[in-house]
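# Examination of the molecular architecture
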Amino acid sequence: MKVVYTEKSQVLAARTAKKLGCPLSEVKYTKFPDGEQSIRIMDEDDQMIIIASTVDAESALQAILLLDACEGKETTLVLPYMGYARQDKKFNDGEPVSARAMARALSTGADRIFTINIHDTSILEHFRCPAKNLTIAPEIGAYINTMSLENPLILSPDEGAWEFAKGVAAVGKWDCDHLDKTRLSGSEVTMAPKHLEAKGRDCIIVDDIIATGGSMAKAAGMLLEQGAASVRAAGVHGVFASGGYIKLMQAGLLDIASSDTIERASSRITASVVIAEAVRK
Ligand code: R5P
């Protein structure tokens, strides 16, 4: 078995290979004179694992090219972060179901696919081979555990992410709640934990994705106003679009962590253990 990777998933690929105890294969990435991508896997095996977060169009294309290069092998594709997953419906006439288009394109040549905390598990049905979604909620919990906080309060920004937050909180048997919005007027909205009080608590907002950081920044500001002792954030996929990281810092968050599904300086949580376990099974 050998592990290969797209250029923007090298760190996670290296960590996964180490956990699996199997070699990484060198992949040469160059460009043809016309600017098109050229790839070559330098060391092949009968079983290939491709680690490919499709964080941008170039990475998605690299994943497609790697799948083709692995033709004839037993190939597992890992999509730690699947781009275009958020357009999972035709919201307006004339629009694509982008998640379906990507799933179809990325199925060709794959024998099985793993995703990590995908936007919506209904997307898995669009893959044309067996596909399974994995969660790294326990890894986020383990990261929070390293902070040795006394009695932290784990919060999801909305009810939809509450199950995920409960998975994080289970690690330390911590209190867990979801934030709830109340409209005060046409322009004023307030947010507070639905069942518990934030006052005097070390709050950690957890979510599957930090996109623009808008939801978390708003929540953090509200929690601090309610007297929270501190507010931190931990998300699986750290996209940080439109200056999202800075927005979170300015909102007063004490710590902002994400995982290596998208490789960033904030990637202090790894998905490699969960991926290696799934591949081994
Ligand atoms: C919603 O479905 C997701 O779980 C996130 O809460 C949301 O996408 C975060 O977006 P943003 O960071 O732009 O507020």
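## Quick look at the site of the ligand
Near the ligand, the surroundings consist of Arg 86, His 119, Asp 207, Asp 208, Ile 209, Ile 210, Ala 211, Thr 212, Gly 213, Gly 214 and Ser 215. Asp 207 places a side-chain nitrogen or oxygen 2.5 Å from an oxygen atom of the ligand. Alone, the ligand offers 380 Å² of accessible surface; in the complex the protein occludes 77% of this. Secondary-structure elements contributing two or more residues to the shell around the ligand are β11 (202-210) and α6 (214-225). In terms of residue count, β11 provides more of the shell around the ligand than any other element does, four residues in total. Among the residues forming the shell around the ligand, the class breakdown is three nonpolar, five polar and three charged.

## Overview of helix α2 (residues 57-69)
Here α2 is 13 residues long and its end C-alpha atoms lie 18 Å apart, about the 18 Å a rise of 1.5 Å per residue gives. Where α2 is concerned, the buried positions are Ser 59, Ala 60, Gln 62, Ala 63, Leu 66 and Leu 67. For α2, the angular spread of the buried residues around the axis is 160 degrees, confining them to a single face. Turned more than 90 degrees off the buried face of α2, the exposed positions are Ala 57 and Asp 68.

## Thoughts on unusual backbone geometry
The backbone phi angle of Lys 173 is positive, close to 50 degrees, even though this residue is not glycine. Within the fold, Lys 173 resides in the loop between α5 (162-169) and β9 (175-183). On the accessibility criterion, Lys 173 (76% relative accessible area) is exposed. With phi around 50 degrees, Phe 240 is a residue other than glycine that occupies positive phi space. By the secondary structure assignment, Phe 240 is in the loop between β12 (230-238) and α7 (244-250). On the accessibility criterion, Phe 240 (12% relative accessible area) is buried.

## Observations concerning the domain arrangement of the protein chain
Domain boundaries in the protein chain define domain 1 (2-134) and domain 2 (137-269). Each of domain 1 and domain 2 has a C-alpha centre, and these two points are 29 Å apart. Together domain 1 and domain 2 conceal approximately 1,000 Å² of surface at their shared face, both sides included; 52% is due to carbon and sulfur atoms. For domain 1, the biggest contributors to the area lost against domain 2 are Tyr 81, Arg 86 and Asn 117; these three give 47% of the whole. The partner of Asp 260 in a salt bridge is Arg 15, and the shortest N-O contact between them spans 2.7 Å. Taken together, domain 1 and domain 2 are joined by seven residue pairs in polar contact (both at pLDDT 80 or more). The element best represented in the side of domain 1 that touches domain 2 is helix α1 (residues 10-20), accounting for four residues. For the side of domain 1 that touches domain 2, a count of residues per class yields six nonpolar, five polar and three charged.

## A word on the pattern of salt bridges
Charged atoms that come close allow side chains of opposite charge to pair. Enumeration over the complete set of coordinates arrives at twelve salt bridges. A salt bridge links Glu 74 to Arg 112, with the shortest nitrogen-to-oxygen separation between them at 2.7 Å. With Glu 74 in strand β5 (residues 74-79) and Arg 112 in strand β6 (residues 112-116), the pair connects residues that are 38 residues apart, well separated along the chain. We classify Arg 112 as partly exposed; its relative accessible area is 28%. The partner of Arg 201 in a salt bridge is Asp 175, and the shortest N-O contact between them spans 2.9 Å.

Rules used in this analysis
- Residues numbered from 1 in each chain as written.
- Predicted model: local features only at pLDDT ≥ 70, side-chain atom pairs only at ≥ 80, totals over all residues.
- Heavy atoms only, no water.
- Near = heavy atom within 4 Å.
- Polar contact = N/O pair within 3.5 Å; in protein donor to acceptor, adjacent residues only side chain to side chain.
- Areas by Shrake-Rupley, 256 points an atom, 1.4 Å probe, with all protein chains shown as cover.
- Helix = DSSP H or I, 4+ residues; strand = E, 2+ residues; numbered from the N terminus.
- Nonpolar A, V, L, I, M, F, W, Y, C, P; charged D, E, K, R; others polar.
- Expected span 1.5 Å × (residues − 1).
- Buried < 20%, exposed > 50% of the residue type's maximum accessible area, 1.4 Å probe, protein only.
- Arc of directions from axis to C-beta.
- Domains from an automatic or database assignment.
- Buried area = accessible area lost by both parts, 1.4 Å probe.
- Salt bridge = Lys/Arg side-chain N within 4 Å of Asp/Glu carboxyl O.

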